[in-house]
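Letter by letter, the chains look like this.
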Amino acid sequence: MSFLGRGSSTPAGGVNHERVDMAVQELDMITDIFNKLVSSCHTKCIGTRYAEGDLNKGESVCVDRCVAKFFEVNKKVGEKLQSMGGAAAGGGGLPSL
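In this report, we go over the structure that sits alongside the text. Given the structure is predicted, the values throughout are model-derived calculations rather than measurements.

Another aspect to go through is the pattern of salt bridges. Overall, the coordinates contain one salt bridge when judged by the stated rule. Asp-32 is the partner of Lys-36 in a salt bridge, and the nearest nitrogen-oxygen pair spans 3.3 Å. Taken together, the residues span about one helical turn, with Lys-36 and Asp-32 both in helix H1 (residues 17-45) at a distance of four residues. What makes Asp-32 partly exposed here is its relative accessible area of 37%.

Written as structure tokens, this is what we have:
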């Protein structure tokens, strides 16, 4: 079965537009996260004066740590939102942060 729905579940070889829309939304979300990551870590770790073509050791370590922290925070926020969504579905309301 194809990711975009070109398998047996779609009518007469057509494309499942709902899956295409979902894939586009997911790509937009991932692109947005990537752009925020690049902007945040570049601002924090890379100086405005480019003296060399490559990152120096300090910049490289900073970028590595920045990316790790960014993804760790992103993971924690996602887990918190999922737990809040589950609590809202089971309890009828959103818990306070």
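On to the packing of aromatic side chains. The final tally for this structure, using the stated rule, is one aromatic pair. Geometrically, the ring pair formed by Phe-70 and Phe-71 is edge-to-face, given 6.1 Å between the ring centres and 90° between the ring planes. Exposure remark for Phe-70: the relative accessible area of 22% places this residue in the partly exposed category. On the basis of relative accessible area, Phe-71 is assigned to the partly exposed category, the value being 43%.

Definitions and limits used
Residues numbered from 1 in each chain as written. Predicted model: local features only at pLDDT ≥ 70, side-chain atom pairs only at ≥ 80, totals over all residues. Heavy atoms only, no water. Salt bridge = Lys/Arg side-chain N within 4 Å of Asp/Glu carboxyl O. Helix = DSSP H or I, 4+ residues; strand = E, 2+ residues; numbered from the N terminus. Buried < 20%, exposed > 50% of the residue type's maximum accessible area, 1.4 Å probe, protein only. Phe/Tyr/Trp six-rings, centres within 6.5 Å; stacked < 30°, edge-to-face > 60°.

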